[in-house]
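# Descriptive structure summary
Here's the letter readout for the chains.
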Amino acid sequence: MGKRSRQRQKNQTPGRDRDSAGWGAGYADIVKENKLFEHYYKEQGLVPEGEFEQFMEAMREPLPATIRITGYKRYPDEQAWHTNMSRKIIRKSPLLEKFHQFLVSETESGNISRQEAVSMIPPLLMKIEPHHKILDMCAAPGSKTAQLIEMLHADMDVPFPEGFVIANDVDNKRCYLLVHQAKRLNSPCIMVVNHDASCIPTLQIDSNGKKDILFYDRVLCDVPCSGDGTMRKNIDVWKKWTTSNSLHLHGLQLRIAVRGVEQLAVGGRMVYSTCSLNPVEDEAVIAALLEKSEGALELADSSADLPGLKWMPGVTSWKLMTKEGQWFSDWSVVPSSRHTQIRPTMFPPKDPEKLASMHLERCMRILPHHQNTGGFFVAVLVKKAPMPWNKRYPKSTMERGEGGGPEEKVDREVEEDAPKGASLAQEATTKQDGVCGPPPSKKMKLFGYKEDPFVFLTEDDPVFTTIQSFYDLSPDFPKLNVLTRTHEGKKRHLYMVSKELRNVLLNNSERMKVINTGVKVWSRNSDGEAFGCAFRLAQEGIYTLQPYIRSRIIQVSVEDIKVLLTQENPFLSKLEDDAHAQAKKLGMGSIVLKYIPNPNNLTEPQCPIQLCGWRGKTSIRAFVPRNERFHYLRMLGVEVFRDKQEPNPSNGYISVVKN
């Protein structure tokens, strides 16, 4: 049912998420009918006149599979592809077996993402630039996070973009799914953290020698929702759908959105999105946010940003229905017995002028039957000024995002002087609706949290002595960006992060639950000590590291790569003359195998290829993960296919057939 509240998330399987990378097993037959759902949406009038049957028919059809090609790997502009087949058909059809293997392999190696079409929209509306600091608040399973990372790396010649993505999720287990998605992209500019998005901590950074608050240029607020836009994929929503799901989630959605705009820099953009069509989760949250912001926020007009997209404008009137079927069109008629379930912020603003000034029509509603997609809602907010409650109660809001100096703690007296229950983020007990106060402070719980430490190396760390000489690192190599995951004992792996993420890590170790960050660049190989260096290059980080390496590079041809990726341990003599001569001059140990495209020969790949390898005594080999091997071989015109009837070869590679 899409992303859900914290409690529901824990019972959810990753493959059933709205933008999951999985193609998942089929569901048992479920009757695709829910009279309450039909009655509710007919009554709301959210589907254009005469189209309701088309809308329902589309909802009952399986969702077509869509894929997105990784953007920064210099592929053509047609980067998203929409099939006319469901995931189940692609997975089970014998005729599509090669295609399915291709999808699985290329997804694992990070070259494509299997992502629902509507899920691709929010990152596109964020207008990401490589220097932007980005917060993805409810990020798992991570296909949107992958899009954000790709946008940071728009220029592959820049190994360390100035910007970064901090990707958060409330569920610890889902954070590891997020890590898996992000790791495919091998970026030094991503950090995965584990917090409740509604009270994600304010971070500090060093700015010109002084402590400063980290405000984000872009925030993605893709909140937990009832997921009724995902009925085409998550079929169990048909039998589980009820109006109370939205009523229960509204408060959480509003709290997360509030926290997002607090952490947004003035001038920044926050995209709020759900895979629900229910106004209680959509326009109601946006309207409440705009009303309480007192002009600090503005809905952006994004109508020209995605010219090919068909969408309906946001609505300005809606009403609420209980699961028993009782309707309420205004807060004033809600009986007090319902006040804990139904809140004033769930209704449209009553003042017509105020409502008109919000421009809720700028919200975007995507209906399934208009372009054969899932249902979706998205709104783009621009921050014009600090949030008003941060101006009024600066001392009480330091830890919430704005105002006050970095060393200040929450001033309990000031907070108690604020109007009781006046917080925007409050779900249930507001007495003075319409009065702004600082959202309540929540203490971060770190108990039960176990992760290896992130330890940065110093410039004079002895590990650099042999690495420096063996690989002839250039003088501008950023040693301070190298970290390991252990305080004691031998360092097994070395990772690199960007300078900006290093700043974040060093200044927030006590307030942040970091699950993962950085990209692996070296791994310990004790055999290498005999040849001058105990650390071999890691394929994950080769594109980050290679610009700084000035030795142990062999320039290879297309034919050389075919040999290296199809033979387990070929003799040096199997290489073409040029590469063979280069290899003979090198001593044993880790090497870079580098292909430089020839613009005069368009039959060969026109993008650079860099592989990690090992120069043995008489042989040479590539240290490249299996799916990446397949990817490069496909690029070179070699067909790669596993016969499911045959056992896997013991070495983990499959035989290939040259075209």
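For the structure, see preceding data.
Structural notes, computed from the coordinates.

Criteria and cut-off values
- All residue numbers here refer to positions counted from 1 along the written sequence of the relevant chain.
- Since the coordinates come from a predicted model, pLDDT governs what is reported: local features require at least 70, and pairs of side-chain atoms require 80 or more to be given and counted, while whole-chain, interface and lining totals use all residues.
- Excluding hydrogens and water, the side-chain figures rest on all heavy atoms present in the structure.
- Helix and strand assignments follow DSSP, with helices taken as H or I runs no shorter than four residues and strands as E runs no shorter than two, numbered in order from the N terminus.
- Three exposure classes are used, based on accessible area relative to the maximum for each residue type with a 1.4 Å probe and protein chains only: buried under 20%, partly exposed in between, and exposed over 50%.
- Any two residues whose heavy atoms approach within 4.5 Å at even a single point are treated as in contact.
- For Phe, Tyr and Trp, where Trp contributes only its six-membered ring, two rings pair if their centres lie within 6.5 Å, and the inter-plane angle classes them as stacked under 30 degrees, edge-to-face over 60, or tilted in between.
- For a Lys NZ or an Arg CZ to count as sitting over a ring, it must be within 6 Å of the ring centre and within 35 degrees of the ring normal.
- One bridge is not enough; two strands pair if DSSP finds at least two bridges between them.
- The angle between two axes is taken between their N-to-C directions and runs from 0 to 180 degrees, where each axis is a line fitted to C-alpha atoms and a helix contributes only its stretch in contact.
- Throughout this description, any angle smaller than 35 degrees is read as roughly parallel, any larger than 145 degrees as roughly antiparallel, any in the 65 to 115 degree range as roughly perpendicular, and the remainder as oblique.
- Left-handed describes a crossing whose near helix is turned anticlockwise from the far helix through less than a right angle; right-handed describes the clockwise counterpart.
- Any residue that is not Ala, Val, Leu, Ile, Met, Phe, Trp, Tyr, Cys, Pro, Asp, Glu, Lys or Arg is counted as polar, Gly included; the first ten are nonpolar and the last four charged.
- It is the directions from the helix axis to the C-beta atoms whose arc is reported.
- For this analysis, a nonpolar core means a set of buried residues of the types Ala, Val, Leu, Ile, Met, Phe, Trp, Tyr and Cys, connected via side-chain atoms within 4.5 Å.
- Put simply, a salt bridge is a Lys or Arg side-chain nitrogen that is within 4 Å of an Asp or Glu carboxyl oxygen.

This part is about the overall build of the protein. Helix and strand counts for the protein stand at 21 helices and 28 strands. Expressed as a percentage of its 659 residues, the buried residues of the protein come to 57%. For the protein, restricting intrachain contacts to residue pairs at least 6 apart in sequence, the fraction spanning at least 24 positions comes to 74%.

As enumerated under the stated definition, the model contains 18 aromatic pairs in all. Taking the centre distance of 5.6 Å and the plane angle of 5° together, the rings of Y40 and W327 count as stacked. Placement of the pair is Y40 in helix α2 (residues 35–44) and W327 in strand β14 (residues 327–328), with a sequence separation of 287 residues. Taking relative accessible area as the criterion, Y40 reaches 1% and is therefore assigned buried. Overall, W327 belongs to the partly exposed group, its relative accessible area being 24%. On the basis of an interplanar angle of 20° and a centroid distance of 6.3 Å, the ring pair of F99 and F102 is categorised as stacked. With F99 and F102 both in helix α5 (residues 97–108) and three residues apart, the pair spans about one turn of that helix. Overall, the relative accessible area of 28% leaves F99 in the partly exposed class. Sitting above the plane of the F456 ring, R502 keeps its charged end 5.2 Å from the centroid. Above the ring of F623, the side-chain terminus of R536 is found at 4.8 Å from the ring centroid.

Moving on, we get to the pairing of strand β16 (residues 376–383). Walk down a regular strand and you will see the side chains alternate between the two sheet faces. Within β16, eight of the eight residues are buried, which leaves it mostly tucked inside the rest of the structure. On β16, burial covers both faces: F376, V378, V380 and V382 on one face and F377, A379, L381 and K383 on the other are all buried. Both strand β10 (residues 264–274) and β16 contribute to a ladder of six bridges, which runs antiparallel. Opposite T274, over in β16, you have F377 as the bridge partner. Judged from the three bridges that link them, strand β15 (residues 364–366) and β16 form a sheet pairing that is antiparallel. The residue of β16 that forms the bridge with M364 is V378.

Remark: α2 packs on helix α3 (residues 52–60), axes separated minimally by 12 Å, with the N-to-C direction vectors making an angle of 140°. In terms of orientation, α2 lies oblique with respect to α3. For the pair α2 and α3, the crossing hand works out as right-handed. Every residue of α3 that contacts α2 at F37, E38, Y41 and K42 is listed here: F52, F55, M56, M59 and R60. In the contact of α2 with α3, the residues fall into six nonpolar, no polar and three charged.

Bringing unusual backbone geometry into the picture now. Residue P141 is bonded to the preceding A140 through a cis peptide linkage, with omega at 5°. Take P141: it is sitting in the loop between β4 (133–136) and α7 (143–152). Phi angles above zero are rare outside glycine, and N208 is one such case at about 55°. As for its placement among the helices and strands, N208 is situated in the loop between β7 (204–207) and β8 (210–213). The exposure class of N208 is exposed, given its relative accessible area of 80%. Phi is positive for R552, close to 60°, though the residue is something other than glycine. Inspection of the secondary structure assignment puts R552 in the loop between α18 (542–545) and β23 (553–555).

We now examine the sheet that holds β23. The four strands are arranged β23-β24-β25-β26 in an open sheet whose pairing can be described as mixed. Two strands in the sheet have a free side with no partner beyond their single neighbour: β23 and β26 (620–622). In this sheet, adjacent strand axes meet at a mean angle of 35° when their direction is disregarded. Of the strand pairs in this sheet, β23 and strand β24 (residues 589–595) are connected by three bridges, and their pairing is parallel. Counterpart to I553 in the pairing with β24 is V592.

This paragraph deals with the sheet that holds strand β2 (residues 80–86). With respect to topology, three strands assemble into an open sheet ordered β2-β1-β3, the strand pairing being antiparallel. Edge positions in the sheet fall to β2 and β3 (112–113), since each has one partner strand and no second. Lying on the sheet, α7 is in contact with β1 (64–69) and β3; it crosses β1 at an angle near 25°.

Among all positions in α3, only F52, F55, M56, A58 and M59 are buried. For α3, the angular spread of buried residues about the axis comes to 160°, placing them on one side. Where the residues of α3 are buried, they touch α2, α9 (237–240) and α13 (368–371).

This part covers the pairing of strand β9 (residues 216–222). The buried fraction of β9 is high, at six of seven residues. Pairing of β4 with β9 involves three bridges; the strand directions are parallel. Within β9, the position partnered with D136 by the bridge is L220. Summarising the sheet, β9 and β10 pair through six bridges and their orientation is parallel. Bridge pairing in β10 links V219 to M270.

Membership of the largest hydrophobic core comes to 118 residues, with the highest contact counts inside it found for I166, I286 and L360. Per-element accounting of this core gives the leading share, eight residues, to helix α10 (residues 243–263). Setting aside residues up to four positions removed in sequence, L360 forms contacts with E283, I286, A287, L290, L299, G314, V315, T316, W318 and L355.

What follows deals with the pattern of salt bridges. If the charged atoms of two oppositely charged side chains come close together, the side chains can form a pair. Going through the model one piece at a time under the given rule, you end up with 23 salt bridges. K127 is paired through a salt bridge with D305; the nearest N and O atoms lie 3.5 Å apart. Residue K127 is located in the loop between α6 (121–125) and β4, and its partner D305 is located in the loop between β11 (297–299) and β12 (312–313); the two are separated by 178 residues in the primary sequence. Across the pair R259 and E262 runs a salt bridge, and its minimum N-O distance is 2.8 Å. With R259 and E262 both in helix α10, this residue pair falls three residues apart, about one helical turn. The pair formed by R259 and E262 is uniform in burial state, with each residue classed as buried. Each of K127, R269 and D305 takes part in one network of salt bridges that share partners.

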